[in-house]
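Coordinates in review
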Amino acid sequence: DKSTIHPVARWMTFCSMLVVFFLRIYLVQGYFIVAYGLGIYLLNNFIAFLSPVDDALDSGMSLPRTNDEAKEFRPFQRRMPEFKFWLHCAKGTGISILMTFFSIFDIPVFWPILLLYFCVLFFMTMKRQIMHMYKHKYVPISFGKTKYKKAGVEDGQFGGGMAGASSSKARNY
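Attention here is on the structure that accompanies the text. Predicted model only: the values in this text are computed from it and were never measured.

Scoring rules and cut-offs
- Residues numbered from 1 in each chain as written.
- Predicted model: local features only at pLDDT ≥ 70, side-chain atom pairs only at ≥ 80, totals over all residues.
- Heavy atoms only, no water.
- 1 Å grid on protein atoms, 1.4 Å probe; cavity = no way out; pocket = protein on both sides within 12 Å on 5 of 7 lines; lining within 4 Å.
- Points joined across faces, edges and corners; volume = space filled by probe spheres on them.
- Helix = DSSP H or I, 4+ residues; strand = E, 2+ residues; numbered from the N terminus.
- Nonpolar A, V, L, I, M, F, W, Y, C, P; charged D, E, K, R; others polar.
- Contact = heavy atoms within 4.5 Å.
- Expected span 1.5 Å × (residues − 1).
- Buried < 20%, exposed > 50% of the residue type's maximum accessible area, 1.4 Å probe, protein only.
- Arc of directions from axis to C-beta.
- Polar contact = N/O pair within 3.5 Å; in protein donor to acceptor, adjacent residues only side chain to side chain.

Turning our eyes to something else, we now look at the layout of surface pockets. Of the volumes computed, that of the second largest pocket is approximately 460 Å³. Contributing to the lining of the second largest pocket are 18 residues, with Phe22, Ala35, Tyr36, Leu115 and Phe118 lying nearest its centre. Of all the elements in the fold, those that place two or more residues in the lining of the second largest pocket are α1 (7–28), α2 (32–50) and α5 (111–136). The element best represented in the lining of the second largest pocket is α2, accounting for 8 residues. For the lining of the second largest pocket, the residue count by class is 16 nonpolar, 2 polar and no charged.

Structural data, given as structure tokens:
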């Protein structure tokens, strides 16, 4: 897909879709069960996005306990990649927006109870996920490649590299 290389534009589109959805819910003063369903769906996708592919509890494997076991570096691999996370969230929000145009989905409910239940569910689920991350010592968020302050700067006695070598030695290398 051509939008894969534009993550900021994709997420801005998703945020604008959410704004349109919640504006529609606010103006119509209905479809709270659709909003609740969308919230649960987005929470489920978010948990899949934060979770690793091979869960230590499911596979029976565990993290290394000694330094010798920890020498092998394995990058964090998500159960749901970022693009699929965005795609599922955008599709779910689009379908929810469409559902607000059909009165069959406007089931009368007392929305404060749904909101309270969703908040409790969210905090309990996130607590469990954070405890899992802490227990297995993984961080699912990365901000790109590590950048060092003195990358490429040679400040040794001879300036680094072949700077201190004579020209005849430098030709032999």
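Our next topic: the side chain of Ser96. Mapped onto the secondary structure, Ser96 falls in helix α4 (residues 82–99). Here Ser96 is in contact with Phe21, Val34 and Leu38, once residues within four sequence places are set aside.

Working note: α-helix, 3.6 residues per turn, so residues spaced by three or four point in the same direction. An ideal rise of 1.5 Å per residue puts 26 Å on 18 residues; α4 measures up with 26 Å between its terminal C-alpha atoms. Residues of α4 that are buried: Phe85, Trp86, Cys89, Ala90, Gly92, Thr93, Ser96 and Ile97. Projected down its long axis, α4 shows its buried positions confined to an angular sector of 165°, all on one face. Facing away from the buried surface of α4 by more than 90 degrees, the exposed residues are Lys91, Ile95 and Leu98.

So, on to the side chain of Thr125. Tracing the backbone shows Thr125 in helix α5. Within the structure, the side chain of Thr125 is placed 2.7 Å from the backbone oxygen of Leu121, a separation counted as a polar contact. With sequence-adjacent residues up to four places away left out, Thr125 is seen in contact with Leu43 and Ile47.

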